[in-house]
Number of protein chains: 2
Amino acid sequence: MTATIADVAARSGVSTATVSRILSGSAPARPETRDRVIAAARELGYQPSGVARALKRRETRTLGLVVTDVTNPFYPQVVRAAEVAAHERGYGLILANGEDDPARELAHLDLLVERRVDGIVVASSAMTRHHAARLREIAVPVVLVNDPITGSGLPAITADHRLGTRLATSHLVALGHRRIGHIGAPDAHVASSQRRRGVVDGMRGIGTPVMVQGDGGVAGGAAAAAELLRAGVTGIVAYNDLTAIGALRGLGEAGARVPEDVSLIGFDDIPMAAWTDPPLTTVRQDTAALGRWAVERVLRALAGDREADRVLLVPELVIRGSTGPRS
Amino acid sequence: MTATIADVAARSGVSTATVSRILSGSAPARPETRDRVIAAARELGYQPSGVARALKRRETRTLGLVVTDVTNPFYPQVVRAAEVAAHERGYGLILANGEDDPARELAHLDLLVERRVDGIVVASSAMTRHHAARLREIAVPVVLVNDPITGSGLPAITADHRLGTRLATSHLVALGHRRIGHIGAPDAHVASSQRRRGVVDGMRGIGTPVMVQGDGGVAGGAAAAAELLRAGVTGIVAYNDLTAIGALRGLGEAGARVPEDVSLIGFDDIPMAAWTDPPLTTVRQDTAALGRWAVERVLRALAGDREADRVLLVPELVIRGSTGPRS
DNA sequence: TTGAAAGCGCTAACAT
DNA sequence: ATGTTAGCGCTTTCAA
């Protein structure tokens, strides 16, 4: 078995209390004993048990991160930023993957609570939508990422989706486009209604956008783009980059060139967006900031700040090759 | 504070032992007491402390997963499969993101050991390369994913990289290509030498491949492809899909059409590969199997199986639109 | 500066 | 079928 503090104490001829103090530096000690203890600890390869410490201190120094689906290219950046931020402060991160299944997410939540994580970051719309009440009664701090529910009573950070698609639409309008379409996502997606509204905002005084529905992924984007083409649009704002990449294909197969015949804008700025052909004009949201802020907010909550503040991140239009003047 | 087992015991007028037995179903109880205890537990919103249980049982039911970089599109699938497999068996997963930094990974390892995870899955070449010794002395089971080190003495699962690029190369040869190039990755990458060798294997008796170096990512692929074009190749085997996607761009910018002028093959079959233009012919490795097997292997080790077995996954050539007959 | 001892919340003998 | 008790490995009073 692994060495315990008692082993170290025995080996160095002091009490466990002294070992604890010396190893944690929580109290001064005579240099001589210090050295003996440290030597003994090293010789035994002693590593304090986080479990025992957690029981005593009543904190695990571990956070939970609930994510809808790591496989969606939007999330890894959030996860990474969260992990880095947590690790910087000495916290571990338990990852809970929702698989887009609300029941499963609830089970995960129980798992996290039972594991006594010190706080939870939820980056899952399904979660906040179906289990808002449950989230609010959790004993530890919960922070939401990309939460559409304004009245959740929990701290949250979100990109301004509506502003984002408005920016995108205005860009299209500025390029001379007048018939503009939007490929939306199912309502299950966090931001679908906000992003839809932004397109309407952007066309105010100009006309009404043609609304079609995708599936939030590549396949849906391809089908929807063909539909928009038949409707005669010259500009498309897609729900996200995945949808836009699908649209790129759908357009290509229908014989339309981008951007000569149709201009196309995505959302998120996933890494791939810069590498499509043509490179995708898109609305960037700072995913790293999302993850980092959420973790830091949890930590602040742990330090006593129990406010339910919400931060709205300003998205940025990244103009690349998929948009151009109406021909 | 959260309710403890003592609270439940007091409220239902039994001992903590009885509560423990009933809630865990580890021993029969009179239906009447059963009901009282369960009711009390529910009323108090009691959730057993995993920390206390872990201390007593000497198992945390938590696994560690060390990953080089979640942001690399190859990993999320592994992570997801691992998480799902773990969760199915009631295990949680602590994610440790290496950020491609060996020192950082070592720190992560300590964190995991201190947290007393029951086992560790390492999906990081940097890790196995620099810290093989440290890994071997860890008290809990360690399983390697995509490990290049045959002599590590630890169970491991890896795709047969060499076979994969051989398959790819043979496909090119079968299509009539004779001048074939390979865009390799820096040696820091797990599989670079294996994949390089596979290309040589595939050209045995035909010639020698032109070897150039990428960076394992999109940018490097673009530059390297241009180089290969100048060398007059008509077929390219890329280290991975990211590299191939870069090559696609590099080729396009240099005025070469794929597959009419140059055939191109990737590796991994990341989700994006199906959606490039043209869709990428690639070598698929079953990333989900990698993650799932690793977790299951750790669990088996926990059940007593301490063998250092290695499994080699057979990759599969997925023929899409980026390869065609030499024109 | 150091030690003795209690206790964090649970489970598992061992009793009854 | 249920209760008593010890103890998992730490930290932290309280004493000395």
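It should be noted that the structure appears before, not after, this text.
Enquirer: Would you take a moment to explain the overall build of chain A for this structure?
Expert: If you tally the helices and strands in chain A, you get 13 helices and 12 strands. In terms of its C-alpha atoms, chain A occupies a principal-axis envelope of roughly 85 × 40 × 30 Å. Here chain A holds 327 residues, and the buried ones make up 56% of them. Sequence-distant contacts, at least 24 apart, represent 69% of the contacts inside chain A between residues at least 6 apart. Working note: accessible area of chain A is about 13200 Å², and carbon and sulfur atoms make up 51% of it. Each charge class in chain A can be summarised by its mean position, and for the 38 positive and 35 negative side chains these summaries are 5 Å apart.

Enquirer: I keep staring at the packing of aromatic side chains and nothing clicks. Help me out?
Expert: Aromatic ring pairs are defined here through the distance separating the ring centres and the angle between the ring planes. Residue and element names in this part refer to chain A. Following the criterion strictly, the structure yields 2 aromatic pairs over all chains and no others. Aromatic side chains Phe74 and Tyr75 sit 5.1 Å apart centroid to centroid with 80° between the ring planes, which places their arrangement in the edge-to-face category. For Tyr75, a relative accessible area of 8% translates into the label buried. A cation over a ring is seen here: Arg195 above Tyr239, with NZ or CZ 4.6 Å from the ring centre.

Enquirer: In this structure, what is going on with the packing of helix H1 (residues 5–12) of chain A against helix H2 (residues 16–24) of chain A? I would like to understand it.
Expert: The description of two packed helices rests on the angle between their axes and on the distance between the axes. Residues and elements named next belong to chain A. Contact geometry for H1 and H2: axes closest at 8 Å, N-to-C directions at 105°. In this view, H1 runs roughly perpendicular relative to H2, as classed from their interaxial angle. Residues Ile5, Ala6, Val8, Ala9 and Ser12 of H1 form the contact with H2, whose own contacting residues are Thr16, Val19 and Ser20. Looking at the contact of H1 with H2 residue by residue, the class counts come to 5 nonpolar, 3 polar and no charged.

Enquirer: Sorry, what's going on with the protein's contact with DNA strand C here?
Expert: Around DNA strand C, 25 residues are found, and the nearest of them are Thr18(A), Arg21(A), Arg58(A), Ile5(B) and Ser20(B). For DNA strand C, the fraction of protein-proximal atoms (within 4 Å) that sit in sugar or phosphate groups is 66%. With respect to DNA strand C, the side chain of Ser20(B) contributes an N or O atom lying 2.6 Å from a phosphate oxygen. Separating a base nitrogen of DNA strand C from a side-chain N or O atom of Arg21(B) is a distance of 3.2 Å. At the level of secondary structure, the elements contributing two or more residues to the surface near DNA strand C comprise H2 and helix H4 (50–57) of chain A together with helix H2 (16–24) and helix H4 (50–57) of chain B. The element that contributes the greatest number of residues to the surface near DNA strand C is H4(B), accounting for 4 residues. In the surface near DNA strand C, the residues fall into 10 nonpolar, 7 polar and 8 charged.

Enquirer: Any chance you could explain the pairing of strand S6 (residues 180–184) of chain A here in plain terms?
Expert: Within a regular strand, the side chains alternate between the two sheet faces. Residues and elements named next belong to chain A. Burial analysis of S6 places 5 of its 5 residues in the buried class, which makes it a mostly covered element. The alternating pattern of S6 places Ile180, His182 and Gly184 and Gly181 and Ile183 on opposite faces, both of which are buried. Bridge count between S6 and strand S8 (residues 235–238): 4 bridges; the pairing is parallel. In the sheet register, Gly181 faces S8, and the bridge partner there is Ile236. As paired strands, S6 and strand S7 (residues 210–213) are joined by 4 bridges and run parallel to one another. Bridge pairing in S7 links Gly181 to Val210. Crossover S6 to S7 through helix H10 (residues 192–202) is right-handed.

Enquirer: Would you mind showing me how to read the protein's contact with DNA strand D here?
Expert: Taken together, 25 residues sit near DNA strand D, with Ile5(A), Ser20(A), Thr18(B), Arg21(B) and Arg58(B) positioned nearest. Each atom of DNA strand D within 4 Å of the protein belongs either to a base or to sugar and phosphate, the latter forming 62%. Residue Ser49(A) places a main-chain N or O atom 3.2 Å away from a phosphate oxygen belonging to DNA strand D. With respect to DNA strand D, the side chain of Lys56(B) contributes an N or O atom lying 3.4 Å from a base nitrogen.

Enquirer: Help me understand the packing of H4(A) against H4(B), please; the structure alone is not making it clear to me.
Expert: Two elements in contact, H4(A) and H4(B), have axes separated by 9 Å at closest approach and are oriented at 135°. Accordingly, the angle class assigned to the pair H4(A) and H4(B) is oblique. Crossing geometry of H4(A) relative to H4(B) is assigned as left-handed. Every residue of H4(B) that contacts H4(A) at Val51(A), Ala52(A), Ala54(A) and Leu55(A) is listed here: Val51(B), Ala52(B), Ala54(B) and Leu55(B). For the contact of H4(A) with H4(B), the per-class residue count stands at 8 nonpolar, no polar and no charged.

Enquirer: Where do I start with helix H9 (residues 161–174) of chain B in this structure?
Expert: The periodicity of an α-helix, 3.6 residues per turn, causes residues three or four positions apart to be oriented the same way. Residues and elements named next belong to chain B. Between its first and last C-alpha, H9 extends 20 Å over 14 residues, near the 20 Å set by a 1.5 Å rise per residue. Among the residues of H9, His161, Leu163, Gly164, Thr165, Ala168, Thr169, His171, Leu172 and Val173 are the ones counted as buried. Of the residues one or two after H9, Gly176 is the one with positive phi, at around 100°.

Enquirer: Help me out: how do you make sense of the interface of chain B and chain A in this one?
Expert: Reports often express the size of an interface as the amount of accessible area lost when the parts come together. Across the boundary between the two partners, chain B contributes 53 residues, which contact 53 residues of chain A. Here chain B packs against chain A, burying approximately 4600 Å² in sum over the two surfaces, 57% of which is carbon and sulfur. Applying the counting criterion to the chain B and chain A interface returns 8 salt bridges. Linking Glu114(B) and Arg53(A) is a salt bridge whose minimum nitrogen-to-oxygen distance equals 3.4 Å. At the junction of chain B with chain A, the criterion picks out 22 residue pairs in polar contact (both at pLDDT 80 or more). Only H4, helix H5 (75–88), strand S2 (92–97), helix H6 (102–114), helix H11 (218–230) and helix H12 (241–253) of chain B provide two or more residues apiece to the side of chain B that touches chain A. By residue class, the composition of the side of chain B that touches chain A is 24 nonpolar, 14 polar and 15 charged.

What counts, and where the lines are drawn
- Residues numbered from 1 in each chain as written.
- Chains lettered and ligands numbered in written order.
- Predicted model: local features only at pLDDT ≥ 70, side-chain atom pairs only at ≥ 80, totals over all residues.
- Heavy atoms only, no water.
- Helix = DSSP H or I, 4+ residues; strand = E, 2+ residues; numbered from the N terminus.
- Buried < 20%, exposed > 50% of the residue type's maximum accessible area, 1.4 Å probe, protein only.
- Contact = heavy atoms within 4.5 Å.
- Areas by Shrake-Rupley, 256 points an atom, 1.4 Å probe, with all protein chains shown as cover.
- Lys, Arg positive; Asp, Glu negative; His and termini not counted.
- Charge placed at Lys NZ, Arg CZ, Asp CG, Glu CD.
- Phe/Tyr/Trp six-rings, centres within 6.5 Å; stacked < 30°, edge-to-face > 60°.
- Lys NZ or Arg CZ within 6 Å of the ring centre and 35° of its normal.
- Axes fitted to C-alpha atoms, helices over the stretch in contact; angles between N-to-C directions.
- Parallel < 35°, antiparallel > 145°, perpendicular 65-115°, else oblique.
- Nonpolar A, V, L, I, M, F, W, Y, C, P; charged D, E, K, R; others polar.
- Near = heavy atom within 4 Å.
- Polar contact = N/O pair within 3.5 Å; in protein donor to acceptor, adjacent residues only side chain to side chain.
- Pairing = 2+ DSSP bridges.
- Right-handed = clockwise from strand over helix to strand, strands pointing away.
- Left-handed = near helix turned anticlockwise from the far one by under 90°.
- Expected span 1.5 Å × (residues − 1).
- Buried area = accessible area lost by both parts, 1.4 Å probe.
- Salt bridge = Lys/Arg side-chain N within 4 Å of Asp/Glu carboxyl O.

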